[in-house]
Amino acid sequence: MVLSTVILYTIFIALTGIERLVEVRVSNRNAAWSFEQGGIERGKGHYPFMVVLHTGFLIGAVAEVWLMDRPFSFIPGTIWFAIAVACQGLRWWCINSLGQRWNTRVILVPNLPRITTGPYKYLSHPNYVIVALEGLALPLIHSAYWTAGIFLVLNAGLMWVRIRCEEAALQELCSESP
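Residues numbered from 1 in each chain as written. Predicted model: local features only at pLDDT ≥ 70, side-chain atom pairs only at ≥ 80, totals over all residues. Heavy atoms only, no water.

Undergrad: Quick rundown of the side chain of Thr16? Include the residues and the values.
TA: Along the chain, the position of Thr16 falls in helix H1 (residues 3-36). Dropping the residues within four chain positions of it, Thr16 is found in contact with Leu58, Gln88 and Leu138. (Helix = DSSP H or I, 4+ residues; strand = E, 2+ residues; numbered from the N terminus. Contact = heavy atoms within 4.5 Å.)

Here is the structure:
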């Protein structure tokens, strides 16, 4: 194993973790705003699993590289790195498109229409597509195949629950709108 690539990879994952903490701060601020507007939270039960999964994912990617002596292959690693960086930009496009309504929870705010601009013009849940792609890209930068596979399976189950929860919440909100 070339130690310098492992260290650079670890730093990149740590920076990704810091970016996630920024997202949590934005999410908490926006959730507070949503509650001030009369927002009602749905899907509280799956939220702790989501936090554990996403935290474990970042830790697992680094641990697999360090403990299993995973190699860095330049061409695929560079491609996965570019995809991971692009995912960051696409995620912030989603966040900015939802504005104060974006957060990591499912909060219904009465009398607000569904967002259909930005990436939401093309997909109902673009952020989840980005999360799935990033779930492959981040570990595969440095050949952490186990982390990528495990996250892909667990995240698919979580997204099945989460998207159903969001769609039910949006349907409830739309049926209550005047």
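Undergrad: Now, about the environment of Thr117: what can you tell me, with residues and values included?
TA: Position of Thr117 among the secondary structure elements: in the loop between strand E2 (106-108) and helix H4 (126-140). Measuring from C-alpha to C-alpha, the distance between Thr117 and Leu98 comes to 8.6 Å, with 19 residues separating the pair along the chain.

Undergrad: Describe in detail the packing of aromatic side chains, supporting the description with residues and values.
TA: Working definition: an aromatic ring pair is given by the centre-to-centre distance plus the angle between the planes. Tallied over the full model, the rule gives two aromatic pairs. Ring centres 4.9 Å apart and planes at 55° place the aromatic pair Phe12 and Phe81 in the tilted group. Here the residue Phe12 occupies a position in helix H1, and Phe81 occupies one in helix H3 (residues 74-98), the gap between them amounting to 69 residues. Taking 4.3 Å as the distance between ring centres and 35° as the angle between the ring planes, the aromatic pair formed by Phe57 and Phe151 counts as tilted. (Phe/Tyr/Trp six-rings, centres within 6.5 Å; stacked < 30°, edge-to-face > 60°.)

Undergrad: Summarise the pattern of salt bridges; cite the residues concerned and give the values.
TA: Applying the stated criterion across every chain yields a total of eight salt bridges. A salt bridge links Arg20 to Glu19, with the shortest nitrogen-to-oxygen separation between them at 2.5 Å. With respect to class, Arg20 is no different from Glu19; both count as buried. Of the charged contacts, one joins Arg91 and Glu23 as a salt bridge, the two residues approaching to 2.8 Å between their closest N and O atoms. Taken together, the positions of Arg91 in helix H3 and Glu23 in helix H1 put the pair 68 residues apart, joining distant regions of the chain. When its relative accessible area of 3% is taken as the criterion, Arg91 is described as buried. The network of salt bridges with common partners includes Glu19, Arg20, Glu23, Arg91 and Glu134. (Salt bridge = Lys/Arg side-chain N within 4 Å of Asp/Glu carboxyl O. Buried < 20%, exposed > 50% of the residue type's maximum accessible area, 1.4 Å probe, protein only.)

Undergrad: Break down the layout of surface pockets for me, citing the residues and quoting the values.
TA: In this structure, the largest pocket spans a volume of roughly 1100 Å³. What lines the largest pocket is a set of 44 residues, and nearest its centre among them are Trp102, Asn103, Thr104, Tyr128 and Arg162. For the lining of the largest pocket, the secondary structure elements donating two or more residues are H1, helix H2 (47-67), H3, E2, H4 and helix H5 (145-176). Here the second largest pocket defines a volume of roughly 170 Å³. Of all the secondary-structure elements, those providing two or more residues to the lining of the second largest pocket are H1 and H3. Class assignment of the residues belonging to the lining of the second largest pocket gives a composition of six nonpolar, four polar and no charged. (1 Å grid on protein atoms, 1.4 Å probe; cavity = no way out; pocket = protein on both sides within 12 Å on 5 of 7 lines; lining within 4 Å. Points joined across faces, edges and corners; volume = space filled by probe spheres on them. Nonpolar A, V, L, I, M, F, W, Y, C, P; charged D, E, K, R; others polar.)

Undergrad: Can you lay out the nonpolar core for me, pointing to particular residues and giving the numbers?
TA: Grouped together as the largest cluster of nonpolar side chains are 22 residues, with contacts concentrated most on Tyr9, Phe12, Ile13, Ala84, Leu138 and Ile141. Elements represented by at least two residues in this core include exactly H1, H2, H4 and H5. Per element, the largest residue contribution to this core is eight residues, and it comes from H2. What Tyr9 contacts, discounting residues up to four positions off in sequence, is Ala61, Val62, Val65, Leu138, Pro139, Ile141 and His142. (Core = buried A, V, L, I, M, F, W, Y, C linked by side-chain atoms within 4.5 Å.)

Undergrad: Tell me about the packing of H2 against H4, residues and numbers included.
TA: Packing of H2 against H4 brings their axes to within 9 Å, and their N-to-C directions diverge by 20°. Classed by the angle they form, the pair H2 and H4 counts as roughly parallel. Judged by the sense of rotation from one axis to the other, the crossing of H2 with H4 is right-handed. Only Val131, Glu134, Gly135, Leu138 and Pro139 of H4 make contact with H2, whose side of the interface consists of His54, Phe57, Leu58 and Ala61. (Axes fitted to C-alpha atoms, helices over the stretch in contact; angles between N-to-C directions. Parallel < 35°, antiparallel > 145°, perpendicular 65-115°, else oblique. Left-handed = near helix turned anticlockwise from the far one by under 90°.)

Undergrad: Tell me about H3, and please be specific about residues and values.
TA: Over its 25 residues, H3 runs 36 Å from end to end, which matches the ideal 36 Å to within 8%, given 1.5 Å per residue. Elements that come into contact with the buried residues of H3 comprise H1 and H4. Looking at the residues trailing H3, positive phi occurs at Gly99, about 60°. (Expected span 1.5 Å × (residues − 1).)

Purely geometric stuff here, so don't read any function into it on its own.
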